[in-house]
Amino acid sequence: MLAAARRAFARHAYADTTIAAIADDAGVSPALVMKYYGTKENLFTQVFTFDADATALFDAPLDRLARHMVLHLLATQRGQTRDPILRIAFSRHHLELGGQARANFRTQVIDALAARLPGPGAPLRAEMAIGVLLGLGALYATVQADQLTQLDPGEVADLYVPLLQPLLCGEAPTGR
């Protein structure tokens, strides 16, 4: 049900998303969706809660975190695990609740990453690192970049680790 809700809210504005359509996609009755989530707003809140996703995305020691994050993101793009990052890109067309989704993303993903990072400028470096991942995810999910998508995930990680690791370890300029 939650996966169906993610798909629905990614494709349609909140006002245009129905419990019936989500239930149909999930292969369950609308009553079952309501039993588990109560309201469409509660379901939306679950879709745009990132705590568990951030835990999985950041589940590596700092010296291997960049590689882990890239490989985890690529696994989501290949349907092997839940999408930890790209849901936020779809929050913009949810006028009613999009602000809450973005606030959740800020605290549960960006701020959580910044708290793990050593050295000065950790909040800025966390935003930049997540920006790199959002770009990579967008290339896979929307652009479907021909050259990049033909590479093995390990090869993609090899290319992206030099971009990300300095941001994570405090070696990159802070800009301030």
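Bear in mind that the values here come from a model prediction, so they are computed numbers and not experimental data.

1. Here we look at the packing of helix H1 (residues 2–11) against helix H2 (residues 19–26)
- Close contact between H1 and H2 brings their axes to 8 Å; oriented N to C, the two are set at 130 degrees. Accordingly, the angle class assigned to the pair H1 and H2 is oblique. For the pair H1 and H2, the crossing hand works out as right-handed. Packed against H1, whose contacting residues are Ala 4, Ala 5, Arg 7, Ala 8 and Phe 9, the element H2 presents Ile 22, Asp 25 and Ala 26 at the interface.
- Across the contact of H1 with H2, the residue classes tally to six nonpolar, no polar and two charged.

2. A look at the confidence of the model for the chain
- A residue-level look at the chain finds 85% of positions with pLDDT of 70 or above and a mean pLDDT of 84.
- The weakest mean pLDDT in the chain belongs to H1 at 81; the strongest belongs to helix H10 (residues 153–169) at 95.

3. A short note on helix H4 (residues 40–47)
- What H4 keeps buried is the set Lys 40, Leu 43, Phe 44 and Val 47. Buried positions in H4, seen along its axis, are confined to an arc of 100 degrees and lie on one side of it.

4. Regarding the environment of Leu 43
- Tracing the sequence through the fold places Leu 43 in helix H4.
- Sequence spacing of Leu 43 and Phe 9 is 34 residues, and the spatial spacing of their C-alpha atoms is 9.9 Å.

5. A word on the environment of Ala 157
- Locating Ala 157 in the fold gives a position in helix H10.
- Distance from Ala 157 to Ala 66, taken between C-alpha atoms, is 8.1 Å for residues 91 residues apart in sequence.
- Discounting chain neighbours no more than four positions away, the residues touching Ala 157 are Arg 67, Val 70 and Leu 71.

6. Considering the pattern of salt bridges
- Counting across every chain of the model gives three salt bridges.
- Of the charged contacts, one joins Asp 158 and Arg 67 as a salt bridge, the two residues approaching to 2.8 Å between their closest N and O atoms. Here Asp 158, found in helix H10, pairs with Arg 67, found in helix H6 (residues 65–77); they are 91 residues apart in sequence, far enough to count as distant.
- We classify Asp 158 as partly exposed; its relative accessible area is 47%.
- Via salt bridges that share partners, Arg 106, Asp 111 and Glu 127 belong to a single interconnected network.

7. A short note on the packing of H6 against helix H8 (residues 122–143)
- One way to put it is that H6 packs onto H8 with a least axis distance of 10 Å and a crossing angle of 30 degrees. Here H8 runs roughly parallel to H6, going by the angle between their axes. Crossing hand, H6 versus H8: right-handed. Seen from H6, the contacting residues are Met 69, Val 70, Leu 73, Leu 74 and Gln 77; seen from H8, they are Ile 130, Leu 133, Leu 136, Gly 137, Tyr 140 and Ala 141.
- In terms of residue class, the contact of H6 with H8 is built from nine nonpolar, two polar and no charged.

8. Points about the packing of aromatic side chains
- Under the definition given, this model contains one aromatic pair.
- Here the aromatic rings of Phe 50 and Phe 105 are separated by 5.2 Å at their centres, their planes lie at 85 degrees, and the arrangement is edge-to-face. In this pair, Phe 50 is assigned in the loop between H4 and helix H5 (51–57) and Phe 105 in helix H7 (residues 98–116), connecting sequence segments 55 residues apart. Of the two residues, Phe 50 and Phe 105, both sit in the buried class.

9. Describing the environment of Thr 17
- Mapped onto the elements of the fold, Thr 17 is located in the loop between H1 and H2.
- Sequence separation between Thr 17 and Phe 44 is 27 residues; the distance between their C-alpha atoms is 9.9 Å.
- Excluding residues within four positions of it along the chain, Thr 17 makes contact with Ala 8, Phe 9, His 12, Ile 22 and Lys 40.

Thresholds, definitions, all that
Residues numbered from 1 in each chain as written. Predicted model: local features only at pLDDT ≥ 70, side-chain atom pairs only at ≥ 80, totals over all residues. Heavy atoms only, no water. Axes fitted to C-alpha atoms, helices over the stretch in contact; angles between N-to-C directions. Helix = DSSP H or I, 4+ residues; strand = E, 2+ residues; numbered from the N terminus. Parallel < 35°, antiparallel > 145°, perpendicular 65-115°, else oblique. Left-handed = near helix turned anticlockwise from the far one by under 90°. Contact = heavy atoms within 4.5 Å. Nonpolar A, V, L, I, M, F, W, Y, C, P; charged D, E, K, R; others polar. pLDDT = per-residue confidence, 0-100. Buried < 20%, exposed > 50% of the residue type's maximum accessible area, 1.4 Å probe, protein only. Arc of directions from axis to C-beta. Salt bridge = Lys/Arg side-chain N within 4 Å of Asp/Glu carboxyl O. Phe/Tyr/Trp six-rings, centres within 6.5 Å; stacked < 30°, edge-to-face > 60°.

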